[in-house]
Amino acid sequence: MACWELGLQLKRDWLPTLTKADVKLLVVGIGTAESAKTFAEEIGLPPEIVFGDEEAAAYKALKLVNSNFEEDGRKRGMRMITEKTTQSIKGRKNGRNVKLFGLIELPFLATNDDLEEAVTIYKPLMPQGDESFDKTLVQGGVLAFEGDKQTFKHRDTSVGVHADPEKVFAAIGT
């Protein structure tokens, strides 16, 4: 769901700024070309900037975090949702704790307007076949380049811990 939340933010907050600065935005997700097309359509991103990576090859090459792999001596699966997930989601526009029945705040669960909108348009586009579960658990990231020089890199450490757009914009001079 967090990738759908990010997609909405890319469309609304990132794409206009980057387009105005004549900077290309390319979005790569794990899945088929058809899944990428569906994602672009549902979010409202131009389909020519959204790509599917069926084997998660780009994610592996960039050494992005896989929540289901043992890394840094952690238990398998312990990176999927962490305290940073809640902090990150609450730190975005209109971030807040989830309320049970509208009454009782759950301090370990967070939401925001974009995440709630994402729930309404979400379609399950997860990879199928061998290693599909491991591919689904790979976290994303943001890379920025000027020519062939990398000017910014962010690895999502758990679900929803996305790059701060202001830091990305600063790194590319917008």
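Coordinates for the structure precede this section.
Predicted model, so just to flag it, every value in this text is computed and none were measured.

Rules and cut-offs
Residues numbered from 1 in each chain as written. Predicted model: local features only at pLDDT ≥ 70, side-chain atom pairs only at ≥ 80, totals over all residues. Heavy atoms only, no water. Core = buried A, V, L, I, M, F, W, Y, C linked by side-chain atoms within 4.5 Å. Buried < 20%, exposed > 50% of the residue type's maximum accessible area, 1.4 Å probe, protein only. Helix = DSSP H or I, 4+ residues; strand = E, 2+ residues; numbered from the N terminus. Pairing = 2+ DSSP bridges. Patch = residues over 30% accessible without salt bridge, like charges linked within 9 Å, V, L, I, M, F, W, Y side chains within 5 Å. Areas by Shrake-Rupley, 256 points an atom, 1.4 Å probe, with all protein chains shown as cover. Salt bridge = Lys/Arg side-chain N within 4 Å of Asp/Glu carboxyl O. Phe/Tyr/Trp six-rings, centres within 6.5 Å; stacked < 30°, edge-to-face > 60°. Contact = heavy atoms within 4.5 Å.

Q: Which residues make up the nonpolar core, and what values do they have?
A: If you look at the biggest cluster of nonpolar residues, it comprises 25 residues, and the most contacted ones within it are Trp-14, Leu-25, Ile-43, Leu-45 and Val-50. Counting only elements with at least two residues in this core, the list comes to helix H1 (2-20), helix H2 (33-43), helix H5 (113-121), strand S5 (141-146) and helix H7 (165-171). In terms of residues, this core owes the most to one element, H1, which gives seven residues. Grouped together as the second largest cluster of nonpolar side chains are five residues, Ile-30, Ala-56, Tyr-59 and Val-138 included.

Q: Give me the lowdown on the pairing of strand S6 (residues 149-155), citing residues and values where you can.
A: Pairing of S5 with S6 involves six bridges; the strand directions are antiparallel. Residue Gly-141 lies in a different strand from S6, and its bridge partner there is Arg-155. Between S5 and the antiparallel strand that follows it, S6, lie two residues; Gly-147 among them carries a positive phi value of about 65°.

Q: Help me get a handle on a nonpolar patch on the surface, residues and values and all.
A: A contiguous nonpolar surface patch, about 480 Å² in accessible area, is contributed by Leu-100, Phe-101, Leu-103 and Ile-104. In this structure, Phe-101 sits in the loop between strand S3 (96-100) and strand S4 (104-111).

Q: Residue-level account of the packing of aromatic side chains, with values.
A: Scanning the entire structure with this criterion turns up three aromatic pairs. Consider the rings of Trp-4 and Tyr-122, whose centres lie 5.6 Å apart with planes at 70°: the pair is edge-to-face. Here Trp-4, found in helix H1, pairs with Tyr-122, found in the loop between H5 and helix H6 (132-136); they are 118 residues apart in sequence, far enough to count as distant. Taking relative accessible area as the criterion, Trp-4 reaches 2% and is therefore assigned buried. Ring plane angle 70° and centroid distance 5.8 Å describe the contact between Trp-14 and Phe-169, whose orientation is recorded as edge-to-face. Here Phe-169 lies in helix H7 and Trp-14 lies in helix H1, a separation of 155 residues in the sequence. The pair formed by Trp-14 and Phe-169 is uniform in burial state, with each residue classed as buried. In this structure an aromatic cluster arises from ring pairing among Trp-4, Phe-39 and Tyr-122.

Q: Describe in detail the environment of Glu-105, supporting the description with residues and values.
A: Mapped onto the secondary structure, Glu-105 falls in strand S4. We classify Glu-105 as partly exposed; its relative accessible area is 45%. When sequence neighbours within four positions are dropped, the list of residues in contact with Glu-105 reads Asn-97, Val-98 and Lys-99.

From the geometry alone we can't say anything about function, so treat these as descriptive.
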